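Next come the chains, spelled out residue by residue.
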Amino acid sequence: MVRCLPGSSHHKGTNFTMKAAVLIQRWYRRYMARLEMRRRYTWNIFQSIEYAGEQDQLQLSSFFTFMLDNFTQLNGNGPDLISQLLDPVVDPWLDRETCYNLIHVPESYTGPRLSFPLSVADTNALLSAFKDQQTLHARYVLQLLYETKKLLKQMPNIVHLSTSYYKEITICGDLHGRLDDLLLIFYKNGLPSAETLYVFNGDFVDRGKKSVEVVILLFAFLLLYPDYMHLNRGNHEDHIMNLRYGFTKEVMQKYKTHGREILQLFQDVFSLLPIATVIDGKILIVHGGISDQTDLDFLSSIERHKVSGINQLWPPGVRKNNFLHADTLIPTTQQCSCQIVDILWSDPKIQDGCSPNTFRGGGCYFGPDVTQRLLLQHGLQLLIRSHECKQEGYEFCHSGKVITIFSASNYYEEGSNRGAYVKLGRELVPRFYQYQVSRTTRKLTLTQRVRAAEGSALRALKEKFDSQADMESFYICTRLASGRVSVCEWALVLESVLRLDLPWRTLRPHLARLAPDGSLEYQSCFEDMGPGIPLPQVTPNLAETLFRYRTDIEIIFNIIDKDHSGLISIEEFRQTWRLFSAHLGVAIDDSAIDDLARSIDFNKDGSIDFTEFLEAFRVVHKLDSKDQQLHEKMDGEKRTG
Amino acid sequence: MTEFTPDQIEDFKEAFGLFDRVGDSQVAYNQVADIMRALGQNPTNRSVNKILGNPTADDLANKRLNFDAFLPMLKEVDAQPKGTYDDYVEGLRVFDKEGNGTVMGAELRIVLSTLGEKMSEPEIDALMAGQEDENGSVHYEGKTGLQTIPLPFFFFFLNFQEAKYLNFFLQLSSSTSCLCKRPAARVLKKL
């Protein structure tokens, strides 16, 4: 049936079809452009939330520095609490008491039984065990770590490799506990061997659910083939980052009896990891990047295990040259620290120069001129680094002089990005190999992927909206009886409260409603949040501050809670909060804290269940437990299906 | 020509910033068409090139544009007729040989890759993903209208509430008057 259209008697012919084609093409391209925009802001959301978290992390460690500097000023129990909070720093170099051989492995244990020195049979056993979701017994974990520590002590800070002995070297980036990606790399590229050399560029743990398995495999291969397997330290190979980003939790969940001991050994091993690798004197591989202060000779000479990756940085983004603390002026420690922080945390930027990395809260942004200068200074031709998620798994910048390589596919969300690894032969020309692990065999279309990622990002963003108290008070200040505010003001509030630099106006349709007159109904932001337990009656200031720093407080709690029972005494809670508020410069009177502590102690037994405390502020991470359930369900399906 | 409100201009500026990959508050010439599309327009590549002053391939890759230079271009494109859902359906109907609400996937592929502003094979594959039935036909128009339109085709038109019947040919020929102009911002808000 042909429609009769006025003014056109002959509507067949190539001119006609061509115009039809152009019309379809226009519409399709428009659709793709909008999809691309959604993809971009989704990416922005994930990245902002991720980096904001890391920034808070560095603030926390500056708090520890503050305590170190000021503990003498605290009354009474101050020093005891400090020594509790900061594990008496045992020099990682020294041998800890490890009696792994006293640990009995029951007959019923069906997992791998490693024998040292390791052989290929052991690593194969580990690979198949982990594929079958088995856990390595604590006794073997401890022994493995003990041996790894012995090996790493013999290594220099900067490891030099040569392609004249080995055919090809494969360099992998961040894995973040993604066992599937590691197994995929080994499958595609081969296991570490004399023909297949590997360099893993840091960030093996945190965020993913299989950090323990990933790092055990890497260390096992390291012990098996110390000449063919090389590991660089990343910014996540650090016990404070692990407390926040999940590695500590994972270890404690999998190893209830020996978790603490295992974590202590991990701490030692991480601090002993080399910080850089150089290939043929031409290619430098570090986890984060460099700065205008980076001095490779200096870095080769320091005692790397003595320097934490993130301590002694105050405030984030500003580099002190001297300690203000009177008689303990140790400029070299500060320098060491700064240099290592730069190596582990910096990101490249497009413009020339070197500026503090305020996004991350540590390290720098380094420009092409900084790269050029360093490469020239040391006769290098290429810098390979990781640390940043890239959609294609890798990215060039600085006119091809810097490569970012990232090996955790689907990092933010299913379908968000590919992983990649890079191979170098004798001519040192990089070749890239990409992959993407997918949970289901069905291939998602681009639309479906963008939509899934977008949904996930917006959910994560809405979780951040919980700090209603902050926003309410702001709005009250900006004169609103009607509950309306302009889109501009709304965007400003969100940006200042959440401290996330995102395209708020573009996101607005997903987050809030517009009133008929074009102004924004800000209450619509908080819909479908779910009711929370009413806050205990405290001064608004305290509640807000507690809320904002809840993650930091959780970490401190976890440190105080030595036996990981989930309970701390009221006195300890009081002291911790007092300390923390002194650091923040917030004036809180003792009776308010006492009232709060008492009201949180729901069962009145003198101890506080931290989970209940968090629940009171609606901060228990709902996604975490849902995620756990989903993964368990899917794992179950994978095994049976 | 409709003027954009300050609110709309703020929206555009923010979206513009999303496409700036370099950090100099500018975008490359070869991104301009896509940004306009992301902001609710749907120009042809040719009309965008005309507005950019017919740049060479080199210009497209290397020259950059800031927001102040971009905004008048956007205004110009906004003034052009955009067309509606019905025009699009009319476009598809051209290839509906039997007039029964389906087009042959194979024919569509050939047309889109050889005529007009040719689409590349990956582009066409993405467009056609999951659309063809067992006979290789694409059902572009359902019995109950919008609801049964195949997914990508449907989503193009999420923003148009009123289906205005327009003369397909008048729409396409350059000498016609503007028939339906929707302010881009309203379209954007329904993203």
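Residues numbered from 1 in each chain as written. Chains lettered and ligands numbered in written order. Predicted model: local features only at pLDDT ≥ 70, side-chain atom pairs only at ≥ 80, totals over all residues. Heavy atoms only, no water.

Looking at an unreviewed UniProt entry, one finds chain B named EF-hand domain-containing protein, with Astatotilapia calliptera as its source organism.

The name given to chain A in an unreviewed UniProt entry is Serine/threonine-protein phosphatase with EF-hands, with Astatotilapia calliptera as the source organism. The Cofactor (unreviewed entry) field of the UniProt record for chain A holds the comment "Mn(2+)". The Sequence similarities (unreviewed entry) comment attached to chain A in UniProt states, word for word, "Belongs to the PPP phosphatase family." (UniProt positions renumbered as here; feature names shortened; annotations may be inferred.)

**Topic: empty space enclosed by the protein**
Residues and elements named next belong to chain A. Under the definition given, this model contains 5 cavities of 30 Å³ or more. A volume near 130 Å³ is recorded for the largest cavity. Of all the secondary-structure elements, those providing two or more residues to the lining of the largest cavity are α1 (14-70) and α13 (446-463). For the lining of the largest cavity, the residue count by class is 6 nonpolar, 4 polar and 2 charged. (1 Å grid on protein atoms, 1.4 Å probe; cavity = no way out; pocket = protein on both sides within 12 Å on 5 of 7 lines; lining within 4 Å. Points joined across faces, edges and corners; volume = space filled by probe spheres on them. Helix = DSSP H or I, 4+ residues; strand = E, 2+ residues; numbered from the N terminus. Nonpolar A, V, L, I, M, F, W, Y, C, P; charged D, E, K, R; others polar.)

**Points about helix α1 (residues 6-18) of chain B**
The end-to-end C-alpha distance of α1(B), which contains 13 residues, comes to 19 Å, matching closely the 18 Å that a straight helix rising 1.5 Å per residue would cover. Every buried residue belonging to α1(B) is among B:Q8, B:D11, B:F12, B:E14, B:A15, B:F16 and B:L18, and all of these are buried. (Expected span 1.5 Å × (residues − 1). Buried < 20%, exposed > 50% of the residue type's maximum accessible area, 1.4 Å probe, protein only.)

**Topic: unusual backbone geometry**
Both trends apply: most residues other than glycine have a negative phi, and most peptide bonds are in trans. Residue and element names in this part refer to chain A. Note the cis peptide between F116 and P117, where omega equals 0°. Checked against the element boundaries, P117 lands in the loop between α2 (78-85) and α3 (120-131). You will see that H387, though not glycine, has its phi angle at about 80°, which is positive.

**Considerations on the sheet that holds strand β8 (residues 354-356) of chain A**
Taken together, the 3 strands give an open sheet; going across it, the order is β7-β9-β8 (chain A), and neighbouring strands pair in mixed fashion. Looking at which strands have only one partner, the edges of the open sheet turn out to be β7 (347-348) and β8 of chain A. (Pairing = 2+ DSSP bridges.)

**Topic: the nonpolar core**
The tendency in soluble globular proteins is for nonpolar side chains to be buried side by side. If you look at the biggest cluster of nonpolar residues, it comprises 58 residues, and the most contacted ones within it are A:L136, A:F200 and A:F219. The set of elements that each furnish at least two residues to this core consists of α3, α4 (138-153), α5 (179-189), β3 (196-200), α6 (211-224), β4 (229-231), α8 (247-254) and α9 (259-272) of chain A. In terms of residues, this core owes the most to one element, α6(A), which gives 12 residues. Contacts of A:F219, omitting those with residues within four sequence positions, involve A:L144, A:L145, A:T148, A:L231, A:F266, A:V269, A:F270 and A:L273. Counting residues in each nonpolar core, the second largest holds 52 residues, with A:A33, A:L520, B:F16 and B:V48 among its members. (Core = buried A, V, L, I, M, F, W, Y, C linked by side-chain atoms within 4.5 Å. Contact = heavy atoms within 4.5 Å.)

**What about the pairing of β3(A)?**
Residue and element names in this part refer to chain A. Extensive coverage of β3 is indicated by the burial of 5 of its 5 residues. What you see with β3 is no split at all: T196, Y198 and F200 on one side and L197 and V199 on the other are buried throughout. For strand β2 (residues 168-172) and β3, the ladder comprises 5 bridges, and the chain directions are parallel. Directly across from C172, in β3, lies its bridge partner F200. When β3 meets β4, the two strands line up parallel, connected through 3 bridges. Looking at β4, one finds that V199 is bridged to H230.

**Some remarks on the packing of helix α2 (residues 29-38) of chain B against helix α5 (residues 67-79) of chain B**
Residue and element names in this part refer to chain B. Between α2 and α5, the least distance of the axes is 11 Å, while the angle of their chain directions is 60°. Taken together, α2 and α5 sit at an angle that is classed as oblique. Relative to α5, α2 is oriented so that their crossing is right-handed. Along its contact with α2, which presents V32, I35 and M36, the element α5 presents F70, M73, L74 and V77. Residue classes in the contact of α2 with α5 are distributed as 7 nonpolar, no polar and no charged. (Axes fitted to C-alpha atoms, helices over the stretch in contact; angles between N-to-C directions. Parallel < 35°, antiparallel > 145°, perpendicular 65-115°, else oblique. Left-handed = near helix turned anticlockwise from the far one by under 90°.)

**What to know about the pairing of strand β12 (residues 402-405) of chain A**
All names here are of chain A. Covered by surrounding structure in β12 are V402 and T404 together with I403 and I405, the residues of both alternating faces. Inspection of the sheet shows strand β10 (residues 382-385) paired to β12 by 3 bridges, in the parallel sense. By the bridge assignment, L383 is partnered in β12 with V402. Across 4 bridges, the pairing between strand β11 (residues 394-397) and β12 is antiparallel. Note on β12: the bridge partner recorded for E395 is T404.

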